[in-house]
Amino acid sequence: QVQVVESGGGLVQAGGSLRLSCAAAGRTLSSAIVGWFRQAPGKEREFVARIRWSSGTKYYADFVKGRFTISKDNAKNTVYLQMNSLKPEDTAVYYCNADIKIVDGGPVASGSWGQGTQVTVSS
């Protein structure tokens with residue numbers, strides 16, 4: 001149903017910043033939990049951050065707390081991920097999902113995936 005398009009990735013030096021965007025279409029997000037996942041080479045996809053659209057409540061993986069900030073634009077149906085103090089271990093393809101469900105306390109992506117956006121952090 002929903003379509004997502006990720007953008008904003010690129011190459012950055014360690015300590016630098018990037019701002020990712022996820023534009024969603026096909027449905028409203030008023031009752032959704034939207035967030036970001038990432039997948040590094042040879043690794044499984046992992047949760048990064050999420051936001052509850054209605055309340056703005058945010059939740060982060062421990063490894064990005066204090067460095068990344070998730071936000072949203074209601075009018076544009078867009079979620080952002082501001083990434084500061086980037087580290088080489090942040091290198092991954094970052095994916096957005098617009099229909100996250102909480103199952104046994106953990107985020108489960110239930111929406112469709114876009115192609116992702118590559119983030120590469122050099123040392």
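Residues numbered from 1 in each chain as written. Predicted model: local features only at pLDDT ≥ 70, side-chain atom pairs only at ≥ 80, totals over all residues. Heavy atoms only, no water.

Peer 1: Can you lay out the environment of Q118 for me, pointing to particular residues and giving the numbers?
Peer 2: Mapped onto the secondary structure, Q118 falls in strand β12 (residues 117-122). Sequence separation between Q118 and G9 is 109 residues; the distance between their C-alpha atoms is 5.1 Å. With residues up to four places along the chain from it excluded, the contact list for Q118 reads G9, G10, T91, A92 and V93. Of the polar contacts made by the side chain of Q118, one reaches the side chain of T120; its length is 3.3 Å. (Helix = DSSP H or I, 4+ residues; strand = E, 2+ residues; numbered from the N terminus. Contact = heavy atoms within 4.5 Å. Polar contact = N/O pair within 3.5 Å; in protein donor to acceptor, adjacent residues only side chain to side chain.)

Peer 1: Explain the pattern of salt bridges residue by residue, including any values.
Peer 2: Counted by the stated rule, this structure contains five salt bridges. Across the pair K101 and D99 runs a salt bridge whose closest N-O atoms are separated by 3.6 Å. Looking at K101, the relative accessible area reads 42%, which means it is partly exposed. According to the relative accessible area criterion, D99 is partly exposed, its value standing at 23%. In this structure, a network of salt bridges that share partners links the residues R38, E46, R67 and D90. (Salt bridge = Lys/Arg side-chain N within 4 Å of Asp/Glu carboxyl O. Buried < 20%, exposed > 50% of the residue type's maximum accessible area, 1.4 Å probe, protein only.)

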